[in-house]
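So you can see what is in the structure, the chains are spelled out below.
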Amino acid sequence: MASSSTKPISTPPFTTTISSSSQPSTRSSLLSFLRNTTPTPISLKLSHSRNSFLNSHSSSSRSLSIKNATKTIESAETSRVSKVGGQDADSQETKPTILVSEKLGEAGLELLRSFGDVDCSYDLSQEDLCKKIASCDALIVRSGTKVTRQVFEAAKGKLKVVGRAGVGIDNVDLQAATEFGCLVVNAPTANTVAAAEHGIALLAAMARNVAQADASMKAGQWQRNKYVGVSLVGKTLAVMGFGKVGSEVARRAKGLGMQVIAHDPYAPADRARAIGVELVSFDQAISTADFISLHMPLTPSTEKVFNDDTFAKVKTGVRIINVARGGVIDEDALVRALDSGKVAQAALDVFTEEPPPKDSKLVQHERVTVTPHLGASTKEAQEGVAIEIAEAVVGALQGELAATAVNAPMVPAEVLSELAPYVVLAEKLGRLAVQLVAGGSGIKSAKVVYRSSRDPDDLDTRLLRAMITKGIIEPISDSFINLVNADFTAKQKGLRISEERVVVDTSPEFPIHSIQVQLSNVDSKFGSGVSEGGDISIEGRVKYGKPHLTRVGSFSVDVSLEGNLILCRQVDQPGMIGQVGNILGEQNVNVSFMSVGRTVQRRKAIMAIGVDEEPNQETLKKIGEVPAIEEFVFLKL
Ligand SMILES: NC(=O)c1ccc[n+]([C@@H]2O[C@H](COP(=O)([O-])OP(=O)(O)OC[C@H]3O[C@@H](n4cnc5c(N)ncnc54)[C@H](O)[C@@H]3O)[C@@H](O)[C@H]2O)c1
Ligand SMILES: O=C(O)[C@H](O)COP(=O)(O)O
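Cut-offs used in this document
- Residues numbered from 1 in each chain as written.
- Chains lettered and ligands numbered in written order.
- Predicted model: local features only at pLDDT ≥ 70, side-chain atom pairs only at ≥ 80, totals over all residues.
- Heavy atoms only, no water.
- Core = buried A, V, L, I, M, F, W, Y, C linked by side-chain atoms within 4.5 Å.
- Buried < 20%, exposed > 50% of the residue type's maximum accessible area, 1.4 Å probe, protein only.
- Helix = DSSP H or I, 4+ residues; strand = E, 2+ residues; numbered from the N terminus.
- Contact = heavy atoms within 4.5 Å.
- Expected span 1.5 Å × (residues − 1).
- Near = heavy atom within 4 Å.
- Polar contact = N/O pair within 3.5 Å; in protein donor to acceptor, adjacent residues only side chain to side chain.
- Areas by Shrake-Rupley, 256 points an atom, 1.4 Å probe, with all protein chains shown as cover.
- Nonpolar A, V, L, I, M, F, W, Y, C, P; charged D, E, K, R; others polar.
- Salt bridge = Lys/Arg side-chain N within 4 Å of Asp/Glu carboxyl O.
- pLDDT = per-residue confidence, 0-100.
- Domains from an automatic or database assignment.
- Buried area = accessible area lost by both parts, 1.4 Å probe.
- Pairing = 2+ DSSP bridges.
- Axes fitted to C-alpha atoms, helices over the stretch in contact; angles between N-to-C directions.

> For this particular structure, what's the right way to read the nonpolar core?
Soluble globular proteins tend to pack their nonpolar side chains together in the buried interior. Of all hydrophobic cores here, the largest spans 53 residues; its most connected members are I515, L519, I538, L549, L565 and L567. Per-element tally for this core: the top contributor is helix α17 (residues 413-435), with ten residues. Apart from the residues lying within four places of it in its own chain, the contact partners of L567 are L436, F526, L549, V552, M607, A608, E631, F632, V633 and L635. A238, M240, I261 and V335 belong to the second-largest nonpolar core, a separate cluster that totals 29 residues.

Laid out in structure tokens, this is it:
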């Protein structure tokens, strides 16, 4: 089970704790991270009213993905009134602005309007889109809007989520979205059947020359001999890309009596077998098929995968259907293959450039049947897609989870709700550790040690790592960190975060016993925060649902991480708590928690004092002047 283990950690023997405290803000803090905003009562209100993942583990057993994304570059005060909206939100709250740049089904629009201000502006130029985007929290597109890096730059940090009302996200610059911490969600399921039906429609129409014969009749002709077609039954269809659409096409083609083979490097063989489809290599698929139907996404590795070389390998007289993306075919090569007779016919719904140039040889080709990207265009699919994307976008703006995030890690909802209090702890530990660094910068390497009774493989730490990254980076830079961009930003700043999971013999009921954050190769402004190994080292635990600091350097303490914190190293002697407490009390600074940890009685001790208010300089100076205090540091949580 365990890869490594340590002895159980017991309660520190020399720890005294004085407590008086307020409620933790676990939920609001987690939501705020998902949104990357400051916790507010509004966050809680919205999450409760929508039965969010934080208080309804059981609402869905789907694997959900984090979809934060929201962020704010305004001050905490500003964000309090501007970050999210909704009819049930606080009246002072500004509704989010949602730009819909292509036609969307009415049911989806209604849902969006119930939550935010919806601006339907179709056919925007790039320039106009860039102008508008600066005031938008969300953008919803179909395949016709190019969401380029320029768009994310123009958004100036305001854009929180891009919703793609459909499957293909090749029109969204995902790298740029991630760098800007903007979540991208899509609606991957609602148009599958529509696309598959359109593929079958094109297959049959092409085989029987329906479009050409129709045009000819409308031109007054009656050409029965010219439009003799080919039969489908018994022919081999190669489905290239055996995903959602590909497998639905395969199912339907089998119903038409075709032999179906498929090529998909990532598809599970048992899924293919269940439909009676054989998975074969690319070359085998294209060289044996009478019909080839394309259903793979457009990616750098599929771009122009059908080119002169490929067409040289196909069976002479093959017929090609493309309802995936135009870019997977080298269109000039296809024209050459059609002209040479290598390819008998093509039926295309998608094009490299949309709309294609009016004089496109491919579109004008007599043996090519074309439709203007209609695969997803059924009433049913468009309503379904609109609802799917509206729900995803609204949820993302509320910091909830989405099943369809494209550029954020998948964290199952039940994992997330279990980790919620540790998420708060993780950020606070990161935030504390960085404040112990002299000068606050130059951190190149952080190590996080998770102590847990669970098997290391059972512990999904991506969310915690992202929170620690946020805690370390945000106080010393103007970066905002969320789950979308945490790893990217750390890498960009040259911060390497390594993780170690240590198995300890504690209750398996809790996912984590403690989290330790170590910063190496940096000087500390508080020498006692440095461990024997020379690293700044702090450790915390969740106790009764609240984050606690339990170790600083080699001193054990126990202080609830709320408000702000003063750490003092002192000569261990009676009266210290009273002296410092008096100084703070004189300035009306309320002490919420106090804990003294020491190594040896009457030698050195660390006093950790939680304070609700930020003491002024004068107060801090007075604390420093207490003769027994050797060093101290004030830390904001
Ligand atoms: N014309 C339309 O209106 C319309 C409608 C829906 C979907 N689409 C397009 O159809 C395509 C498929 O959509 P989907 O919903 O089935 O997506 P999907 O993700 O379910 O399926 C895509 C499949 O392609 C496979 N694949 C990836 N690289 C491949 C490669 N090099 N060779 C072969 N297979 C590869 C993947 O493993 C996956 O199984 C997408 O490009 C989508 O944009 C078009
Ligand atoms: O990828 C998709 O979902 C389809 O190509 C549909 O695109 P559309 O939303 O522009 O019709």
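Structure's up, so let's keep going.
> I keep staring at helix α16 (residues 379-397) and nothing clicks. Help me out?
Every α-helix winds through 3.6 residues per turn, so residues three or four apart in the chain are directed the same way. Taking 1.5 Å per residue as the helical rise, α16 with its 19 residues ought to reach 27 Å, and the 27 Å between its terminal C-alpha atoms agrees with that figure. A positive phi of about 80 degrees marks G399, the residue just after α16.

> Mind showing me how you'd approach the site of ligand 2 here?
What surrounds ligand 2 is the set R142, S143, R164, A165, G166, V167, G168, N191, R325, H373 and A376. Between R164 and ligand 2, the recorded distance is 3.0 Å, taken from a side-chain N or O atom to an oxygen atom. Separating an oxygen atom of ligand 2 from a side-chain N or O atom of H373 is a distance of 2.6 Å. Look at ligand 2: alone it shows 310 Å² of surface, and the protein chains cover 91% of it. Across the shell around ligand 2, the residue classes tally to three nonpolar, five polar and three charged.

> Please explain the pattern of salt bridges as it appears in this structure.
Note that side chains of opposite charge can pair when their charged atoms are close. Summed over all chains, the structure comprises 27 salt bridges. Residue K226 is joined to E366 by a salt bridge in which the shortest nitrogen-to-oxygen separation is 3.1 Å. Of the two residues, K226 is situated in the loop between α9 (210-218) and β8 (236-240) and E366 in the loop between α15 (361-364) and β14 (368-370); the sequence distance between them amounts to 140 residues. Note that D558 and K543 form a salt bridge whose closest N and O atoms lie 2.4 Å from each other.

> Got a minute to help me understand the side chain of S520 in this structure?
Positionally, S520 belongs in the loop between β18 (514-519) and β19 (536-543). Relative accessible area serves as the criterion here: at 18%, S520 is assigned to the buried category.

> Whenever I open this one, unusual backbone geometry confuses me. Can you help?
The omega angle of the peptide bond from E354 to P355 is -10 degrees, so this bond is cis rather than trans. When you line up the elements, P355 lands in the loop between β13 (343-348) and α15. A positive phi angle, close to 50 degrees, is found at K304, a residue other than glycine. Relative to the helices and strands, K304 resides in the loop between β11 (291-294) and α13 (308-313). Taking the relative accessible area as the measure of exposure, K304 reaches 42% and is therefore partly exposed. We note that H373 has phi near 50 degrees; this positive angle belongs to a residue other than glycine.

> Explain the confidence of the model for the chain to me, please; I cannot follow it from the model alone.
Note: predicted coordinates in regions of low pLDDT should not be interpreted at a detailed level. Within the chain, residue pLDDT values average 84, and 84% of them lie at 70 or more. Ignoring residues within four places in sequence, the model shows residues 1-91, a span with pLDDT below 50, making 239 contacts including any to other chains.

> What is the right way to read the domain arrangement of the chain from this model?
Domain parsing of the chain yields domain 1 (97-186), domain 2 (192-370) and domain 3 (413-636). Contact with domain 1, which involves eight residues of that partner, is made by five residues of domain 3. When the two sides are added together, the surface that domain 1 and domain 3 hide from each other amounts to roughly 500 Å², 69% of it contributed by carbon and sulfur. If you sort the residues of domain 1 by the area they bury against domain 3, T178, E179 and G181 come out on top, with a joint share of 67%. At the junction of domain 1 and domain 3, the tally comes to zero salt bridges. The tally of links from domain 1 across to domain 3 stands at one residue pair in polar contact (both at pLDDT 80 or more). It is helix α7 (residues 174-179) that provides the largest number of residues to the side of domain 1 that touches domain 3, a total of four residues. Looking at the side of domain 1 that touches domain 3 residue by residue, the classes come out as four nonpolar, three polar and one charged.

> What is the right way to look at the site of ligand 1 in this model?
Near ligand 1 you find 25 residues, and of these K244, V245, D264, V323 and D349 are the closest. A distance of 3.4 Å is found between an oxygen atom of ligand 1 and a backbone nitrogen or oxygen belonging to G375. Relative to its free-state accessible area of 850 Å², ligand 1 is covered by the protein chains to the extent of 87%. For the shell around ligand 1, the per-class residue count stands at twelve nonpolar, nine polar and four charged.

> Mind showing me how you'd approach the side chain of Q345 here?
In this structure, Q345 sits in strand β13. Among the polar contacts made by the side chain of Q345, one reaches the side chain of R319 at a distance of 2.5 Å.

> Mind showing me how you'd approach the sheet that holds strand β5 (residues 138-141) here?
Strand pairing within a sheet occurs via backbone hydrogen bonds; the two strands may be parallel or antiparallel. Ordered in space as β4-β3-β5-β6-β7, the five strands form an open sheet in which the pairing is parallel. Pairing within the sheet leaves two strands with one partner each, and these edge strands are β4 (117-120) and β7 (183-186). Neighbour to neighbour, the strand axes of the sheet diverge by 20 degrees on average, direction disregarded. With three bridges joining them, strand β3 (residues 97-100) and β5 adopt parallel strand pairing. Following the sheet pairing, I98 is matched in β5 by A138. Set on the sheet, helix α4 (residues 106-113) makes contact with β3, β4 and β5; between it and β4 the angle comes to about 140 degrees. Against the sheet, α16 engages β3, β5, β6 (161-164) and β7, with an angle of about 170 degrees to β6.

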